[in-house]
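The residues making up each chain are set out below.
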Amino acid sequence: MFQDNPLLAQLKQQIQENLPKKEGQIKATDKGFGFLEVDSKTSFFIPPPYMKKCMHGDKVVAIIRTEKEREVAEPQELIEQSLTRFIGRVKLHKGKLNVAPDHPQLKKMPIKAKTKKGLNPEHFQDGDWVVAHLTRHPLKDDNGFFAEISEKITDADDKIAPWWVTLAENDLPNCEPAGIEHWELKDDADLTRVDLTDVPFVTIDGESTKDMDDALYAKKLDDGSFALTIAIADPTAYITPEDDMDKVARERGFTIYLPGRNIPMLPRDLADELCSLIENEVRPALCCTVTVDKDGVIGDDIRFFAANIKSHARLVYDHVSDWLETGSSDAWQPTDEIAQVVRDLYEFSQARANWRETHAVVFPDRPDYRFELSEDNDVVAIHADSRRTANRLVEESMITANICAGKTLQAAFGTGVFNTHAGFKPEKVADIVALMNSHGAECSEESVNTVEGFAALRRWLSTQETSYLDNRIRKSQSYSEIGNQPLPHFAMGLDVYATWTSPIRKYGDMINHRMLKAHILGKESVQKPDETVGEELALHRKHHKIAERNVADWLYARTLAEEPAKETRFTAEIFDINRAGMRVRLLENGAMAFIPGALIVNNKERIECNGEDGTVSIDKNVVYKLGDTLEVVLTEVNQENRSVVAKPTQVFAEAPKAPEASQEPSQA
């Protein structure tokens with residue numbers, strides 16, 4: 001009777017207009033209610049009925065009113081919806097099509113849905129993975145949420161779902177580009193290729209690697225210096241900037257590396273065959289020669305040129321490492337010629353590593369975690385692969401090559417595709433300097449804003465007994481970037497750095513190849529990369545890293561599902577602390593787990609998790625710090641959310657009754 005009364009509607013509108021309003025972001029809970037988070041310190045309760053008008057992550061304007069002596073928020077206006085395109089699972093309710101977003105805070109709110117034109121709704125089963133688009137929102141339309149399913153990703157029980165779903169979520173391709181029937185060499189008519197097929201180049205890669213993009217040769221000279229030649233596969237010999245394949249490569253940016261599989265940037269017949277530096281096959285290459293003295297200093301005689309080369313030996317990291325570290329390898333017995341090349345490469349790499357340890361930055365060795373999969377995509381094992389002697393040998397060769405490219409592009413054109421790092425965030429520098437000096441470092445704001453001073457601080461941190469300080473300042477560092485300006489790379493301690501050593505896998509390296517060829521030909525003008533290239537590549541890299549991490553989380557959840565029941569003990573390293581608890585990495589397999597504060601000690605009055613200081617205190621005594629290792633057991637593995645929860649095996653004593661009583665933790 002009163003529902004359509006215009007006077008009452010007008011009165012209601014006037015009341016609402018006089019109520020205070022706040023803008024913020026919706027944070028949902030699994031109990032039906034939520035919060036409007038206005039800033040880091042201010043939030044308002046949203047009762048369940050009002051939560052039906054919004055979803056987790058929405059940015060809204062809400063009316064703040066008092067109900068039952070409590071301030072609550074009622075969302076009124078949508079500023080930005082959190083869901084547009086999303087990944088979800090089909091939920092059939094009384095034969096009607098619904099889709100539940102694949103998000104921890106949204107899984108329990110299936111959205112009514114339809115299929116787009118051309119898709120048969122009868123072809124969808126409960127649990128199928130789909131791509132959907134939110135087409136209706138209650139704050140814009142009173143009829144509630146509604147979605148349209150645009151694509152089926154895979155069936156509910158498909159074991160390959162982690163890969164297909166993650167790729168779809170990040171809008172990434174799930175296969176390599178199609179090749180063409182006949183690839184033709186399209187070298188510049190003025191480009192002469194030197195015949196280096198007699199030079200005993202070697203490739204050193206993983207045992208299963210097919211896209212071998214670098215071959216190395218070194219010769220130790222009488223004065224103890226090294227003549228180094230790096231030969232890099234040359235896809236730009238087959239692909240010009242005008243070709244459709246170049247556009248495809250730019251759209252992809254990089255080869256996508258996921259646990260257990262990769263998706264090439266270029267067609268496999270090009271990446272794995274025509275361009276791959278296969279043993280005893282003649283291949284076009286872009287080469288760089290340079291002299292490195294016995295102290296590891298790179299000479300000024302950097303020279304780039306085009307060549308035809310032939311790998312004389314296809315070597316494997318582990319075999320070469322065994323041979324260098326022990327003097328023999330059961331799997332590999334080199335000829336005298338190849339043995340000498342490997343020895344000279346090894347001595348060169350030692351000289352360069354020593355130089356970088358003294359003058360630049362060398363990162364601490366951490367294992368790479370590798371999933372071994374069965375043919376039907378089950379995890380057979382997780383291997384912790386350490387960086388061994390041969391890996392470091394190749395790494396030093398590639399770093400040297402990229403320094404040479406950076407210097408050459410900077411001098412010849414003042415532009416290119418450069419990897420850069422700006423050091424500490426400007427607003428954090430004063431705090432960093434104060435913290436470091438309070439722990440014995442000698443640095444100033446002026447010094448850490450230079451490559452030399454930043455590198456010196458990094459080297460000082462590497463000498464500390466624990467990694468606490470290193471971990472503590474990590475969030476204060478800038479992110480590495482890709483750009484067209486020859487800016488320094490603080491994190492590596494280098495003045496300039498431009499990669500060109502993986503053109504099969506990185507589009508930016510293809511651009512640098514073309515510029516280096518222009519330099520070889522003496523061209524003063526060249527098509528220069530604009531600012532958008534770096535932004536595009538950085539965005540590609542971000543999505544690829546997210547995809548790699550998401551697939552790994554999925555596989556870890558599958559693999560560790562039974563461990564809570566077994567009470568298996570793991571060694572974990574703390575890499576992040578926030579007010580809710582701490583995040584750790586299991587050193588046995590690389591999985592990440594969260595330890596809530598309540599599982600450290602079940603009394604929130606006694607515990608403080610301080611993200612700023614990177615510490616966890618009980619009864620005001622610090623018990624854990626960033627970088628610490630501890631023994632943990634898993635308490636929950638949620639395969640639906642792909643999350644792992646753990647707790648320390650160390651049990652802390654009850655709060656003391658007397659001030660003088662011991663507050664030290666007691667071992668269970």
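Residue indices begin from 1 for each chain and proceed along its sequence in written order. Predicted model: local features are reported for residues with pLDDT of at least 70 only, side-chain atom pairs are reported and counted for 80 or more only, and whole-chain, interface and lining totals are derived from all residues. As a rule here, side-chain values come from all non-hydrogen atoms in the structure, and water together with hydrogens is ignored.

Novice: What should I look at first to understand the confidence of the model for the chain in this one?
Specialist: A low pLDDT means the predicted coordinates there should not be read in detail. A residue's pLDDT is the predictor's confidence in that residue, given on a scale from 0 to 100. For the chain, mean pLDDT is 92; residues scoring 70 or higher make up 95% of the total. Whether two residues are in contact is decided by their heavy atoms, any of which lying within 4.5 Å being enough. Of the regions scoring below 50 in pLDDT, residues 658–668 engages in 16 contacts with residues more than four places distant in sequence or in other chains.

Novice: Help me out: how do you make sense of helix α9 (residues 429–438) in this one?
Specialist: An α-helix turns once per 3.6 residues; consequently, residues spaced three or four apart project the same way. With a 1.4 Å probe rolled over the protein chains alone, any residue whose accessible area is under 20% of its type maximum counts as buried; one over 50% counts as exposed, and the rest are partly exposed. Counting from the N terminus, the helices are DSSP H or I runs at least four residues long and the strands are E runs at least two residues long. Inspection of α9 places Val-429, Ile-432, Val-433, Leu-435 and Met-436 among the buried residues, and these make up the whole buried set. Along the long axis of α9, the arc covered by the buried residues comes to 165°, so they all point the same way. Set apart from the buried face of α9 by more than 90 degrees, the exposed residues are Asp-431 and Ser-438. Buried positions along α9 lie against α10 (445–448), α11 (451–462) and α12 (468–472). It is the directions from the helix axis to the C-beta atoms that the arc portrays.

Novice: How should the pairing of strand β9 (residues 129–136) be read in this particular structure?
Specialist: At least two bridges found by DSSP between two strands are what make those strands a pair. Bridging between strand β6 (residues 85–93) and β9 involves 5 bridges; their strand directions are antiparallel. Bridge pairing in β9 links Arg-89 to Trp-129. As paired strands, β9 and strand β10 (residues 146–154) are joined by 7 bridges and run antiparallel to one another. The residue of β10 that forms the bridge with His-133 is Glu-148.

Novice: What am I meant to see in the packing of aromatic side chains here?
Specialist: For any pair of aromatic rings, the description rests on two quantities: the centre-to-centre distance and the angle between the ring planes. By convention, a stacked pair of Phe, Tyr or Trp rings (six-membered ring in the case of Trp) has centres within 6.5 Å and planes under 30 degrees apart, an edge-to-face pair has planes over 60 apart, and any other such pair is tilted. Per the stated rule, a full pass over the model turns up 12 aromatic pairs. Ring centres of Phe-454 and Phe-490 lie 5.6 Å apart, and the angle between their planes is 80°; on these two criteria the pair is classed as edge-to-face. Of this pair, Phe-454 sits in helix α11 while Phe-490 sits in the loop between β21 (481–483) and α13 (507–520); the two residues are 36 residues apart in sequence, bridging distant segments of the chain. Comparing Phe-454 with Phe-490 shows no difference in burial state: the two are buried. A connected cluster of aromatic rings, assembled from ring pairs, spans Phe-33, Phe-35 and Phe-45. Sitting over a ring, as applied to charges here, requires NZ of Lys or CZ of Arg to be within 6 Å of the ring centre and within 35 degrees of the ring normal. In this arrangement the basic side chain of Arg-70 is found over the ring face of Phe-45, its NZ or CZ atom lying 3.9 Å from the centre. Directly above the aromatic system of Tyr-468 lies the positively charged group of Lys-625, at a separation of 4.9 Å from the ring centroid.

Novice: Quick question: what am I supposed to make of the packing of helix α7 (residues 336–359) against helix α8 (residues 389–412) here?
Specialist: Packed helix pairs are characterised by how far apart their axes lie and by the angle those axes make with each other. Here the axes come from fitting lines to C-alpha atoms, over the contacting stretch only for helices, and the angles between their N-to-C directions go from 0 to 180 degrees. The geometry of α7 relative to α8 is characterised by a closest axis approach of 9 Å and an angle of 65° between their N-to-C directions. With respect to their mutual orientation, α7 and α8 come out roughly perpendicular. Remark: the crossing between α7 and α8 carries left-handed chirality. Contacts between α7 and α8 involve Val-342, Leu-345, Tyr-346, Phe-348, Ser-349, Arg-352, Ala-353 and Arg-356 on the former and, on the latter, Thr-389, Arg-392, Leu-393, Glu-395, Glu-396, Ser-397, Ile-399, Thr-400 and Ile-403. Amino acids outside the nonpolar list (Ala, Val, Leu, Ile, Met, Phe, Trp, Tyr, Cys, Pro) and the charged list (Asp, Glu, Lys, Arg) are all regarded as polar, and Gly is one of them. Class assignment for the residues of the contact of α7 with α8 results in 8 nonpolar, 4 polar and 5 charged. Geometric relationships in this document are graded by angle, where less than 35 degrees denotes roughly parallel, more than 145 denotes roughly antiparallel, 65 to 115 denotes roughly perpendicular, and other angles denote oblique. Each crossing gets its handedness from the near helix: less than a right angle anticlockwise from the far helix is left-handed, clockwise is right-handed.

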